Amino acid sequence: MSVGFIYSESLVSELDKNVKIEGRSEMVFSLIEAYNLFENNSLKLINPVRSDDKHLNLFHSQEYIDYLKTCQAEFVEGDNDFGIGYDCPCIENLHDYASIVAGASITAAHLINTGMFKHVINWFGGWHHAKRNKASGFCYVNDIVLCIMKLRQKFSRVLYIDLDQHHGDGVQEAFEFTNKVLTLSFHKYMQGFFPGTGSIDDIGKGIGKYHSVNVPLKSGIGDTNFVLLFSSIFSKVLSVYKPEVIVVQCGADSLTGDPIDISDPLNLTLESYTKCIELVINCRLPAIFLGGGGYNFANTSRLWCQLTATIIGCKGLKNDIPEHDMFLKYAPGYELWIEPGKVRDKNNHEYIDKILSTVVNNLYYLNYLLQC
């Protein structure tokens, strides 16, 4: 069955308004195109539908939506009540930006709901920090929450997986009181690191207790330990929660060399992400794959190109990057695969075992609740 790929020039143009990722979307698309993946009959380009306020209202407040329509940069000083300021500066026609970005992920959910595709890719989504009434962490609209809300029109249980270096706080907060969505986040967790949430003891509330699964990581984690954690926890979540559909945020800022935190980085390569996505695909459930963080644009493009190939079943992309308009941005090696950095992994065996035992114990209680 073919895979849907969300893309339009207007979507790329809107994302370029976000100064944190200006130029990234085109670079990602160009590399996938350079590897001729769109010539594969398994990958179909889909033009996204712009979201209207009715759909934005599925999560965001009308007050916030109205503010997005009127926000003007010259009247914003510092961070205001709606989160517009330092991390999320006011950009031109902010409501248009939110509507188009949200619409892309809502379109992905619609394609899954209607059975047109089993897998859909939207590397232009994945904005997991935005709250109901507030922008946060470069995120003006939480397209993920809106995507999941759309999926909930058909599916009773949704599993959300977050691979970004930062905790998916906006998504967890949206669903922490429900048992219809289980959020599973693998992220760096240390004092002073944004957003400061996602401890292992953060497990959900009310009837959503044990439906928030957090895997807090120390700096330096490499491919081996990351895949060990993911494979062990993911398989357990599948057997206990039995989701009907999966949404994966594939933020690329956990890759080695990402500038978001050069003092205490994670140390992943394309290998760990690829193995994790293969596990998701192999469970044979409908799935949506979203983007997210990633501020080394060359490495982000490498990753999402490799994952695109993985999702459509195209194995063995050549390591030498094909010549194309953005070829020089992959200097000096001009290769697809990246090497791990020389960073000490602070996640020792004792810590890994503690994480696994705590998560498995929480899932035991979840299993008990689901059987009642």
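Here the residue numbers are simple positions, counted from 1 along each chain's written sequence. With the structure being a predicted model, the display of local features is reserved for residues of pLDDT at least 70 and the display and counting of side-chain atom pairs for 80 or more, all residues being used for whole-chain, interface and lining totals. Only heavy atoms go into the side-chain values, all of them from the structure, while hydrogens and water stay out.

Caption draft 1: Looking closely at the side chain of His211. Secondary structure elements are defined from DSSP: runs of H or I of at least 4 residues count as helices, runs of E of at least 2 residues count as strands, and each element is numbered from the N terminus. The topology assignment puts His211 in the loop between strand S5 (181-188) and strand S6 (212-217). Each residue's exposure class comes from its accessible area (1.4 Å probe, protein chains only) as a fraction of the maximum for that residue type: buried when under 20%, exposed when over 50%, partly exposed otherwise. The exposure class of His211 is buried, given its relative accessible area of 3%. Beyond its immediate chain neighbours, meaning those up to four positions away, His211 contacts Thr178, Asn179, Val181, Leu182, Thr183, Ile203, Tyr241, Leu366 and Leu370. By definition in these notes, contact holds between two residues if any of their heavy atoms fall within 4.5 Å.

Caption draft 2: Broad picture of the sheet that holds strand S7 (residues 245-249). Taking strand neighbours across the sheet as the criterion, the 8 strands line up as S2-S1-S3-S8-S7-S4-S5-S6 in an open arrangement whose pairing is parallel. A single partner strand is all that each edge strand has here, and the edge strands are strand S2 (43-46) and S6. In this sheet, neighbouring strand axes are inclined to one another by 15 degrees on average, regardless of whether the strands run parallel or antiparallel. When DSSP finds two or more bridges between two strands, those strands count as paired. By the bridge criterion, 4 bridges tie S7 to strand S8 (residues 287-290) in an arrangement that is parallel. Its bridge partner being in S8, Val247 is matched across the sheet by Ile288. Of the strands in this sheet, strand S1 (3-6), S2, strand S3 (119-122), S7 and S8 are in contact with helix H5 (residues 94-113), which crosses S3 at around 175 degrees. Note on geometry: axes are C-alpha line fits, over the in-contact stretch for helices, and angles between N-to-C directions span 0 to 180 degrees. Helix H11 (residues 349-371) contacts S5 and S6 of the sheet and is inclined by roughly 180 degrees relative to S6.

Caption draft 3: A look at the packing of helix H4 (residues 62-70) against H5. Contact pair H4 / H5: the axes reach a minimum separation of 6 Å and the direction vectors enclose 125 degrees. Taken together, H4 and H5 sit at an angle that is classed as oblique. In this structure, H4 contributes Ile65, Leu68 and Lys69 to the contact, and H5 contributes Leu94, His95 and Ala98. Under the grouping applied here, Gly and all other residues not named as nonpolar or charged are polar, the nonpolar ones being Ala, Val, Leu, Ile, Met, Phe, Trp, Tyr, Cys and Pro and the charged ones Asp, Glu, Lys and Arg. Class assignment of the residues belonging to the contact of H4 with H5 gives a composition of 4 nonpolar, 1 polar and 1 charged. Angle categories: roughly parallel below 35 degrees, roughly antiparallel above 145, roughly perpendicular from 65 to 115, and oblique for all the rest.

Caption draft 4: Local environment of the state of the cysteines. In what follows, a disulfide is any cysteine sulfur pair within 2.5 Å. In the structure shown here, the tally under the stated rule is 1 disulfide. Across the disulfide, Cys71 is cross-linked to Cys90 (sulfur-sulfur distance 2.2 Å). Of this pair, Cys71 sits in the loop between H4 and H5 while Cys90 sits in the loop between H4 and H5; the two residues are 19 residues apart in sequence, bridging distant segments of the chain. Accessibility assignment for this pair places Cys71 and Cys90 in one class, buried. Free cysteine Cys147: the closest other cysteine sulfur is in Cys250, separated by 12 Å. Sulfur of Cys314: no disulfide; nearest cysteine sulfur belongs to Cys305 and is 9.0 Å away.

Caption draft 5: Local environment of the pairing of S7. Of all 5 residues in S7, 5 are buried; the element is thus mostly enclosed. Of the two faces of S7, the one lined by Val245, Val247 and Gln249 and the one lined by Ile246 and Val248 are each fully buried. Where strand S4 (residues 158-162) lies against S7, 5 bridges are found, and the strand directions are parallel. Residue Leu159 lies in a different strand from S7, and its bridge partner there is Ile246. The definition of a right-handed crossover adopted here requires that, viewed with the strands pointing away, the path from the first strand over the helix to the second runs clockwise. In this fold, S7 hands off to helix H9 (residues 270-282), which returns the chain to S8; that crossover is right-handed.

Caption draft 6: Representation of the packing of aromatic side chains within the structure. To pair, rings of Phe, Tyr and Trp, with the six-membered ring standing in for Trp, must have centres within 6.5 Å; the planes then decide the type, stacked if under 30 degrees apart, edge-to-face if over 60, and tilted in the middle. Inspection of every chain in the model, using the stated rule, returns 17 aromatic pairs. When the ring of Trp123 is compared with that of Trp304, the centres are 5.4 Å apart and the planes differ by 5 degrees; the resulting orientation is stacked. Within this pair, whereas Trp123 is found in the loop between S3 and helix H6 (143-151), its partner Trp304 is found in helix H10 (residues 297-311), the two being separated by 181 residues in sequence. Their ring planes at 20 degrees and their centres at 5.7 Å tell us that Tyr210 and Tyr365 sit as a pair that is stacked.

Caption draft 7: Focus on H9. Take the number of residues in a helix, subtract one, and multiply by 1.5 Å to get its expected span. A rise of 1.5 Å per residue sets the reference length of H9, with its 13 residues, at 18 Å; its end C-alpha atoms lie 18 Å apart and thus fit the reference within 8%. Three or more residues of H9 are buried, namely Leu270, Ser272, Tyr273, Thr274, Cys276, Ile277, Val280 and Ile281. Buried residues along H9 sit against S3, S4, helix H8 (223-241), S7, S8 and H10.

Caption draft 8: Region of the structure containing the environment of Gln153. Counting through the fold element by element, Gln153 comes out in the loop between H6 and S4. Of the residues examined, Gln153 reaches a relative accessible area of 55% and is grouped as exposed. For the pair formed by Gln153 and Ile262, sequence separation is 109 residues and the distance between their alpha carbons is 42 Å.

Caption draft 9: Structural detail: the pairing of S4. Among the 5 residues of S4, 5 are classified as buried, and the element is accordingly described as predominantly covered. Neither face of S4 is exposed, since Val158, Tyr160 and Asp162 on one face and Leu159 and Ile161 on the opposite face are all buried. When S4 meets S5, the two strands line up parallel, connected through 5 bridges. By the bridge assignment, Asp162 is partnered in S5 with Ser185.

These results come straight from atomic positions and should not be treated as a statement about function.
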